[in-house]
Amino acid sequence: MEKRKKSPPLIPYILLKLLLRGEDFYEFSDDIDEIYHQLTGCGPRWKAKAWYWFRVIESLPCLVIDKIHWRSTMLKNYLKIALRNFQRHKGYSLINIAGFAIGMTCCLLILIYVRHELSYDRYHKDVERIYRISVDIRTQTANRIFALVSPTVAPALKTDYPQTEYAARILRISARLVKRGEKSFYEDRIMLADQELFDIFTIPFIQGNPQEALIRPYTLVISQRLAHKYFGSANPLGKALKINERAYEITGVVADSPVNTHMKYDLIVSLETLAEWNEMTNWYSTMFFTYIKLKPNVNVEEFSQQISRIADKYVGETLKNWGTSHHYFLQPISSIHLHSHLSYEVEPPGNPTYIYIFSFVGLFILLIACLNFMNLSTARAANRAKEVGLRKVVGAQRPQLIGQFLGESMLIAFTSLGVAIVIVRLTIPFLNNLTGLSLSFDELLNPIVLISLIGGGILVGLSAGLYPAFVLSAFRPARTLKGTVRAGVRSVIMRTALVVFQFAVSIVLIIGTLTMYSQFNFMKEQYLGFEKEQKLILPLRGGINTQKNYESVKDVFSKHPSISGVTASSTVPGRGVSNFGIRLVGEDDPKNQSMFHMYFDYDFIPNYGIEIVAGRAFQKGMSTDVMGAFLINEAAVKAFGWSSAEEALGKRLLTGYGGRKNPIIGVTKNFHFRGLQNEVEPLVMEFLPESFYYITLSIDIANLKETLAFVESQWKELFPGNPFESFFLDTDFDRQYRTDERVGSILGIFTLLGLFIACLGLLGLASFTAESRTKEIGIRKVLGSSVPGIVVMLSKQFTKWVLVANLIAWPVAYYFMGRWLQNFAYRTRLDILTFALSGILVLTIALLTVSYQSIKAATANPVDSLRYE
């Protein structure tokens with residue numbers, strides 16, 4: 001107790017401890033402690049404490065200035081030493097900076113991509129209260145989940161559920177011909193919407209009143225881009241645009257649709273235009289996207305359960321008789337882009353798997369760069385041993401040495417970060433062209449991102465420099481000054497493990513890239529069940545109606561000798577396909593189904609080379625075939641439970657709720673009307689001229705240029721005022737794989753960069769190995785060793801490392817790529833040749849990398865080698 005009373009005040013004592021180190025602290029504190037104890041022995045203790053506080057405070061300015069001066073001097077000294085080391089060992093410094101810069105570039109590009117993907121629809125005000133209504137339609141044999149619902153759902157939610165603050169319906173329509181004077185273009189980002197859309201979505205108005213823009217029929221709001229496109233600098237408000245020859249008044253101009261939204265727009269037409277349409281009261285229809293904004297503090301889970309069976313209140317009995325049920329659910333708008341893969345999405349959704357893949361790839365590439373630095377630093381430890389010994393002899397403490405080496409690694413890290421930022425700025429346009437995205441460098445200018453970059457630079461510097469700093473600072477002065485420091489077994493094992501890990505990661509990435517390319521080629525080359533080559537497709541847009549004259553249109557194009565066939569259809573393989581409910585008629589069990597539908601004429605089956613396995617196709621001259629008969633595919637036969645295709649013939653089907661009742665006259669072999677990511681699903685086909693929106697021309701490509709000129713000239717005569725558009729089916733069908741192909745291309749680039757970084761490290765190690773064995777090589781040459789023998793000796797250990805890396809990488813790659821291939825209904829096999837090719841490729845690159853240094857060392861003059869050191 002007496003000792004505690006005489007001890008000096010704690011706070012000033014701690015201040016001294018922080019500002020003074022070692023002998024300085026003890027010398028200063030002993031002096032004032034002695035006086036403090038004298039004061040406490042001859043007077044009040046509070047006076048002694050006051051004196052102690054005063055003495056410390058009085059000394060603070062000098063102590064702080066001295067501390068700062070000492071720190072700045074040491075920092076300046078550390079920086080000078082680091083720069084000298086960089087200059088003295090330019091090759092190693094360049095390898096480290098290049099490796100870090102490339103690794104950080106990959107990470108920054110991936111960061112921009114990930115931020116872009118995660119930012120979708122998060123810019124809306126009160127985004128946490130905005131949801132899309134989707135529906136799970138369940139039949140007796142199957143269920144299908146739609147992003148589209150009935151147009152009656154939104155009014156019912158507003159009427160029956162007070163939790164709903166706003167509700168809006170959106171009807172997306174296909175491209176329409178838009179005219180303004182002499183200007184006419186097909187526009188494909190058109191939708192009809194309720195007025196409350198602007199209360200739910202954040203769509204800034206540049207001109208017009210958002211509260212009244214869509215309250216009247218035949219009015220529309222256009223984007224700023226379209227306003228400039230059709231009106232230039234003139235004010236478009238109150239003026240008209242013609243859509244399929246019908247005039248619509250412009251009531252507003254809004255900011256262009258952001259790139260990070262799933263619901264992109266250019267023209268928003270008032271849904272009041274369709275107020276008298278019968279479908280607007282049809283509970284069985286699935287045609288509208290429906291969005292709601294809930295009132296604050298609504299229990300979302302409870303509300304979702306309440307609305308699940310909302311249709312039962314209005315059409316429950318009919319649904320029950322059909323053996324069908326509609327289950328509605330909420331989707332947060334911010335999760336739609338990445339996590340919603342329902343039927344009839346607005347646009348192809350993103351894939352969260354690729355975000356994880358790229359994130360891990362970026363981190364692994366950066367890890368390879370860090371391992372390079374650690375490897376080269378520890379490998380060259382002996383070269384800096386004397387420096388460490390001298391510093392310790394003159395009084396340097398181990399923490400000071402650790403600080404110096406960490407400072408060098410931090411300097412390299414931040415230099416590399418600066419280089420990486422410049423590279424990212426230059427490569428963003430290239431990445432956008434490759435991915436089809438609209439990534440922006442401005443993502444990195446966000447204050448939070450900038451702080452994260454600084455923190456990331458520090459983390460990378462510490463991660464890469466911590467192990468070498470502790471290794472280097474642990475040398476004993478006596479041994480280092482005698483020159484007896486050699487790499488220990490533990491150091492060699494660590495270095496070997498790091499190299500093996502680097503190449504194992506590189507091999508996994510190469511196998512992944514090759515497997516992706518193999519899968520994409522498999523999908524492109526796989527027979528689809530129809531002939532997709534040499535098919536020129538003409539979309540019938542802009543209100544073109546061929547219901548009555550499609551035969552005469554076909555005859556016009558058939559006149560050219562290079563056109564061997566013409567057919568009309570509602571869609572073509574690879575494009576959207578309708579989906580309706582369907583059931584058997586006249587059977588005890590109607591077997592309610594939800595199936596895809598296509599409509600085409602009698603020339604479609606022979607022109608596309610689709611095989612009929614039972615019955616017949618539609619035939620010219622058979623008037624009963626028009627809207628009076630069905631074809632189905634083998635998948636539909638299986639869905640209805642029939643044992644053979646012949647059993648299906650003559651069975652009658654009913655489409656929709658109260659639709660057409662017609663017999664099945666034929667069964668086609670399964671063909672891929674969608675991409676190979678999906679199984680071939682049940683398909684019903686009809687001859688329905690009113691739904692023909694595409695013309696397919698089977699052409700001979702021998703005179704392609706002249707044939708295309710003929711087709712375009714005939715189009716202009718048949719459909720004056722409608723711009724000519726065309727595409728080839730094979731190219732368009734492969735469009736479905738474009739996103740995956742882009743991912744494969746990006747992964748391939750990152751794989752090459754990762755392998756390049758690993759080879760940079762290998763080059764550094766090969767150079768160090770050759771340098772450290774200079775005398776040995778000279779002696780071997782004097783004793784008669786050949787140049788090839790020395791090259792093999794120096795390359796042998798690197799070959800072993802790469803072979804071990806293969807053994808580790810192959811099982812890992814097999815597991816993960818097997819999992820990835822499960823995403824495809826039709827997929828290639830994991831081939832041993834892919835694994836072998838990856839291993840041989842990496843081994844070849846590694847040997848080429850080390851061969852330069854090996855040959856250089858092996859061909860050196862032995863006299864110079866023996867004089868080394």
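Higher on the page you've got the structure.
In what follows, the accompanying structure is described. Being a predicted model, the structure only gives us computed values, none of them experimental. (Residues numbered from 1 in each chain as written. Predicted model: local features only at pLDDT ≥ 70, side-chain atom pairs only at ≥ 80, totals over all residues. Heavy atoms only, no water.)

1. A few points about the overall build of the protein
Per the secondary structure count, the protein includes 28 helices and 24 strands. Per-residue burial for the protein yields a buried fraction of 49% across its 869 residues. Contacts in the protein between residues at least 24 apart in sequence constitute 79% of all its contacts with a sequence separation of at least 6. Surface summary for the protein: the accessible area is close to 41,400 Å², and the carbon and sulfur share equals 58%. (Helix = DSSP H or I, 4+ residues; strand = E, 2+ residues; numbered from the N terminus. Buried < 20%, exposed > 50% of the residue type's maximum accessible area, 1.4 Å probe, protein only. Contact = heavy atoms within 4.5 Å. Areas by Shrake-Rupley, 256 points an atom, 1.4 Å probe, with all protein chains shown as cover.)

2. Description of the packing of aromatic side chains
To describe a pair of aromatic rings, one takes the distance between the centres and the angle between the planes. All told, the structure shown has 32 aromatic pairs when counted by the stated rule. A centroid spacing of 6.1 Å and a plane angle of 80° characterise the contact between Phe520 and Trp820, whose relative ring orientation is edge-to-face. In this pair, Phe520 is assigned in helix H17 (residues 489-525) and Trp820 in helix H26 (residues 787-821), connecting sequence segments 300 residues apart. Trp820 matches Phe520 in its accessibility class, with the two residues each being buried. (Phe/Tyr/Trp six-rings, centres within 6.5 Å; stacked < 30°, edge-to-face > 60°.)

3. Comments concerning the pattern of salt bridges
Applying the stated rule across the entire model yields 26 salt bridges. When the shortest N-O distance is used, the salt bridge between Glu187 and Lys229 registers 2.7 Å. With Glu187 in strand S5 (residues 183-187) and Lys229 in helix H8 (residues 224-231), the pair connects residues that are 42 residues apart, well separated along the chain. The partner of Arg216 in a salt bridge is Glu249, and the shortest N-O contact between them spans 3.1 Å. With Arg216 in the loop between strand S7 (205-208) and strand S8 (219-223) and Glu249 in strand S10 (residues 246-254), this pair connects stretches of sequence that are 33 residues apart. (Salt bridge = Lys/Arg side-chain N within 4 Å of Asp/Glu carboxyl O.)

4. Focus on H8
What H8 keeps buried is the set Leu226, Ala227, Tyr230 and Phe231. Relative to the axis of H8, the buried residues are bounded by an arc of 105° and lie together on one face. Contacts made by the buried residues of H8 are with strand S4 (176-180), S5, S8, strand S9 (240-243), S10 and strand S11 (267-270). Count one or two residues on from H8 and you reach Gly232, which has phi positive near 65°. (Arc of directions from axis to C-beta.)

5. Details of the nonpolar core
Grouped together as the largest cluster of nonpolar side chains are 106 residues, with contacts concentrated most on Phe358, Phe503 and Met598. In this structure, Met598 is in contact with Ser570, Thr571, Val577, Phe604, Phe671, Phe673, Leu683, Val684, Met685 and Glu686, ignoring residues within four places of it in sequence. Grouped together as the second largest cluster of nonpolar side chains are 26 residues, Ala168, Ala193, Leu197 and Ala213 included. (Core = buried A, V, L, I, M, F, W, Y, C linked by side-chain atoms within 4.5 Å.)

6. Some remarks on a nonpolar patch on the surface
Residues Leu10, Ile11, Ile14, Leu15, Trp53 and Ile57 make up a contiguous nonpolar surface patch of roughly 550 Å² in combined accessible area. For the nonpolar patch, the elements supplying multiple residues, two or more each, are helix H2 (10-19) and helix H4 (45-88). Top element by residues in the nonpolar patch is H2. It accounts for four residues. With respect to the secondary-structure elements, Leu15 resides in helix H2. (Patch = residues over 30% accessible without salt bridge, like charges linked within 9 Å, V, L, I, M, F, W, Y side chains within 5 Å.)

7. Section: the sheet that holds strand S23 (residues 694-699)
Strand order across the open sheet formed by four strands is S15-S23-S14-S24, with antiparallel pairing between neighbours. The open sheet has two edge strands with one neighbour each: strand S15 (563-569) and strand S24 (727-728). (Pairing = 2+ DSSP bridges.)

8. Side note on the side chain of His124
Within the secondary structure, His124 sits in the loop between helix H5 (90-118) and strand S1 (130-138). His124 has contacts with Ile130, Phe201, Thr202 and Ile333, leaving out every residue within four places of it along the chain.

9. Concerning the packing of H5 against helix H14 (residues 398-435)
With their axes 7 Å apart at the nearest point, H5 and H14 run at an angle of 50° to one another. By the angle class used here, H5 and H14 are oblique. Regarding H5 and H14, the two cross each other, and that crossing is right-handed. Partitioned by chemical class, the residues of the contact of H5 with H14 number 17 nonpolar, five polar and no charged. (Axes fitted to C-alpha atoms, helices over the stretch in contact; angles between N-to-C directions. Parallel < 35°, antiparallel > 145°, perpendicular 65-115°, else oblique. Left-handed = near helix turned anticlockwise from the far one by under 90°. Nonpolar A, V, L, I, M, F, W, Y, C, P; charged D, E, K, R; others polar.)

10. Brief notes about the pairing of S10
By the bridge criterion, three bridges tie S7 to S10 in an arrangement that is antiparallel. Residue Phe205 lies in a different strand from S10, and its bridge partner there is Val254. With five bridges joining them, S8 and S10 adopt parallel strand pairing. Bridge pairing in S10 places Val221 opposite Gly252. Of the strand pairs in this sheet, S9 and S10 are connected by four bridges, and their pairing is antiparallel. Within the sheet, the bridge partner assigned to Lys242 lies in S10 and is Ala247. The loop that links S9 with its antiparallel partner S10 comprises two residues; one of these, Asn244, has a positive phi angle of about 50°.

11. Quick word on the environment of Val626
When you line up the elements, Val626 lands in the loop between strand S18 (612-615) and strand S19 (630-633). Through-space distance from the C-alpha of Val626 to that of Phe600 is 9.8 Å; in sequence the pair is 26 residues apart. Residue contacts for Val626: discarding those within four places in its chain leaves Phe687 and Pro689.

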